[in-house]
Amino acid sequence: MTQPAMNMNSFEGKRILALVREGDYAHAGEEEAIERVFRAVPKQAGSWLLDVGCGRGGSAEYLRRHGWGHVEGIDRDVESIEYARATYPEVEFHACDVLDVPRTITRTFDLIYMLNAFYAFERQADALAALRKVAKPGAQLVIFDYTVGAKSSDAPNPMMPGAIRLSEIAATLRDSGWEPAVVEDLSADYARWYATFVERIQLKRAEIEKIGGAESYDFVFSMYSGLHGFIVQGGVGGAIVHARAD
Ligand SMILES: C[S@@+](CC[C@H](N)C(=O)[O-])C[C@H]1O[C@@H](n2cnc3c(N)ncnc32)[C@H](O)[C@@H]1O
């Protein structure tokens, strides 16, 4: 039987991901990944960070609570932003598309980051140019995301059409006003994180079915087992892409 498609970036999708991940996270590796991404970023009370595609706000709150500075978050999903505002009142959240950030936010930031959000943007180059407008001179940009794997064909992967093509990202960054810096490959971590994630989905079956019924469980299980398989086979990978406002 064909399963109905479910958008994992919808409010219900992120609610299920948060349940499985046991925190308000919809990115691979949860808190271990946040620590990995920010391990070289000094904790400075006076720094301003922007979480782009912040979802339910758990990562923004994690960074604020652990001393990385002031954090603001934006997401186009209004329900997620309402949830984030009610749950994490010490972070300022804005409901807007990434392309509207310069019109919505008046301040500028020392660090702008995305945790599994960039792959979901329809206009990735325009998004980078919009974010450049709210970057302080010399600001850091950090993109934690899926990549087109080393063993992928040239055709866009239907499972992850927005995954970062590492051979093209430096040029895309330069064209939008960012100076590309190092890329850290996390493909082995992604394989491990998704193996654990698929196990957790099975353990949480009853709770997932309570939110979205048996169809949701079947969809989520087959989608993430498939993604794990792609990652293990080298079709999809993961990386942290660093850049600076030049
Ligand atoms: C996989 S979730 C990751 C959420 C969050 N970064 C986290 O780690 O929990 C991707 C998020 O990107 C948001 N998003 C997708 N396209 C967007 C856009 N054009 N502008 C703003 N947010 C967007 C979605 O609403 C979703 O919350």
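Computed from a predicted structure; not experimentally measured.

S.K.: Can you help me understand the overall build of the protein chain in this one?
M.R.: Tallying secondary structure elements over the protein chain gives nine helices and seven strands in all. Rg of the C-alpha trace for the protein chain: 17 Å, near the compact-globule value of 18 Å for 246 residues, within the 12% margin. Here the C-alpha coordinates of the protein chain stretch approximately 55 × 45 × 30 Å along the principal axes. The 246 residues of the protein chain split such that 50% are buried. A separation of at least 24 residues holds for 74% of the contacts in the protein chain among residues at least 6 apart in sequence. As displayed, the protein chain has an accessible area near 11,300 Å², and 50% of this comes from carbon and sulfur atoms. Placing the 26 positive and 35 negative side-chain charges of the protein chain at their respective mean positions leaves the two points 3 Å apart.

S.K.: Would you explain the side chain of serine 216 in this entry?
M.R.: Mapped onto the elements, serine 216 comes out in helix α9 (residues 205-233). A distance of 2.9 Å separates the side chain of serine 216 from the backbone oxygen of glycine 212, its partner in a polar contact. For serine 216, the contacting residues outside a window of four places in its chain are Met6, Glu12, Ile16 and Ile208.

S.K.: Just checking my understanding: could you explain the pattern of salt bridges for this structure?
M.R.: If charged atoms from side chains of opposite charge come close, those side chains can pair. Tallying each qualifying case throughout the model produces 19 salt bridges. Put simply, arginine 192 and glutamate 32 hold a salt bridge, and the shortest N to O gap is 2.8 Å. Of this pair, arginine 192 sits in helix α8 (residues 187-203) while glutamate 32 is found in helix α2 (residues 30-38), placing the two residues 160 residues apart along the sequence. Judged by its relative accessible area of 40%, arginine 192 is partly exposed. Measuring nitrogen to oxygen at the nearest pair gives 3.3 Å for the salt bridge that ties arginine 76 to glutamate 122. A residue pair is termed long-range when its members are at least 10 positions apart, and arginine 76 in the loop between β2 (70-75) and α4 (78-87) and glutamate 122 in the loop between β4 (109-115) and α6 (124-132) qualify at 46 residues.

S.K.: Explain the packing of α2 against α8 here, please?
M.R.: The relative placement of two packed helices is expressed as an angle between their axes plus a distance between the axes. Running from N to C, α2 and α8 cross one another at 160 degrees; their axes reach a closest spacing of 11 Å. The angle between α2 and α8 falls in the class roughly antiparallel. In this structure, α2 crosses over α8, and the sense of that crossing is left-handed. Here α2 contributes Glu30, Glu32 and Ala33 to the contact with α8, which in turn contributes Arg192, Trp193, Phe197 and Arg200. Tallied by class, residues from the contact of α2 with α8 come to three nonpolar, no polar and four charged.

S.K.: When you look at the pairing of strand β3 (residues 92-95) in this model, what are you seeing that I'm missing?
M.R.: Across a regular strand the side chains alternate sides, sitting on one face of the sheet and then on the other. Two elements, β2 and β3, share four bridges in a ladder whose sense is parallel. Directly across from aspartate 75, in β3, lies its bridge partner alanine 95. Following the backbone out of β2, through α4 and into the adjacent parallel β3, one traces a crossover that is right-handed.

S.K.: What's the story with the site of the ligand in this structure? I'm lost.
M.R.: Close to the ligand lie 21 residues; Lys14, Ala26, His27, Gly53 and Asp75 are nearest. In the environment of the ligand, a nitrogen atom lies 2.7 Å from a nitrogen or oxygen atom belonging to the backbone of glycine 53. In the model, a nitrogen atom of the ligand is placed 3.4 Å from a nitrogen or oxygen of the arginine 76 main chain. Taken by itself the ligand offers 600 Å² of open surface, and the protein chains cover 97% of this. A molecule is said to occupy a pocket when more than half its atoms come within 2 Å of that pocket's grid points, and by this definition the ligand occupies the largest pocket. Of the residues in the shell around the ligand, the class split is 10 nonpolar, six polar and five charged.

Reading the values: the criteria
For every chain, the first residue of the written sequence is number 1, and numbering continues from 1 onward in sequence order. Only residues with pLDDT of 70 or above have their local features reported here, since the model is predicted, and side-chain atom pairs are shown and tallied only from 80 upward, although totals for entire chains, interfaces and linings are computed over all residues. Note that water and hydrogens are dropped before the side-chain values are worked out from all heavy atoms of the structure. Secondary structure elements are defined from DSSP: runs of H or I of at least 4 residues count as helices, runs of E of at least 2 residues count as strands, and each element is numbered from the N terminus. Here the globule rule is a power law, 2.2 Å times the number of residues to the power 0.38, and the radius of gyration is based on C-alpha atoms. Here's how the labels work: a residue is buried when its accessible area is under 20% of the maximum for its type, exposed when over 50%, partly exposed in between, all with a 1.4 Å probe on protein chains only. Here, two residues are considered to be in contact whenever any of their heavy atoms come within 4.5 Å of each other. The Shrake-Rupley method, run with a 1.4 Å probe, gives the accessible areas here. Residue values count only the displayed protein chains as cover. A positive count includes Lys and Arg, and a negative count includes Asp and Glu. His and the chain ends are not counted in either. We put the charge of a Lys on NZ, of an Arg on CZ, of an Asp on CG and of a Glu on CD. Here a polar contact is taken to be a pair of N or O atoms separated by no more than 3.5 Å, where protein atoms must pair a possible hydrogen donor with a possible acceptor and residues adjacent in sequence count only if both atoms sit in side chains. Note on definitions: salt bridges are taken to be side-chain nitrogens of Lys or Arg within 4 Å of carboxyl oxygens of Asp or Glu. To get an axis, fit a line to the C-alpha atoms, keeping to the stretch in contact for a helix; angles then go from 0 to 180 degrees between the N-to-C directions. For classification purposes, angles smaller than 35 degrees are called roughly parallel, those larger than 145 roughly antiparallel, those between 65 and 115 roughly perpendicular, and all remaining angles oblique. Note on convention: near helix rotated counterclockwise from far helix by under a right angle means a left-handed crossing. Clockwise means right-handed. Under the grouping applied here, Gly and all other residues not named as nonpolar or charged are polar, the nonpolar ones being Ala, Val, Leu, Ile, Met, Phe, Trp, Tyr, Cys and Pro and the charged ones Asp, Glu, Lys and Arg. Two strands qualify as a pair provided DSSP detects at least 2 bridges between them. If you view a crossover with the strands going away from you and the path from the first strand over the helix to the second runs clockwise, you call it right-handed. Summary of the distance rule: residues count as near a molecule or strand when at least one heavy atom falls within 4 Å of that molecule or strand. Using a 1 Å grid laid over the protein atoms alone, points where a 1.4 Å probe fits but cannot get out form a cavity; open sets with protein on both sides within 12 Å along at least 5 of 7 lines form a pocket; any residue with an atom within 4 Å of a point counts as lining. Those molecules having more than half of their atoms within 2 Å of a cavity or pocket grid point set are described as sitting in that cavity or pocket.

The values reported here are purely geometric and, on their own, carry no functional implication.
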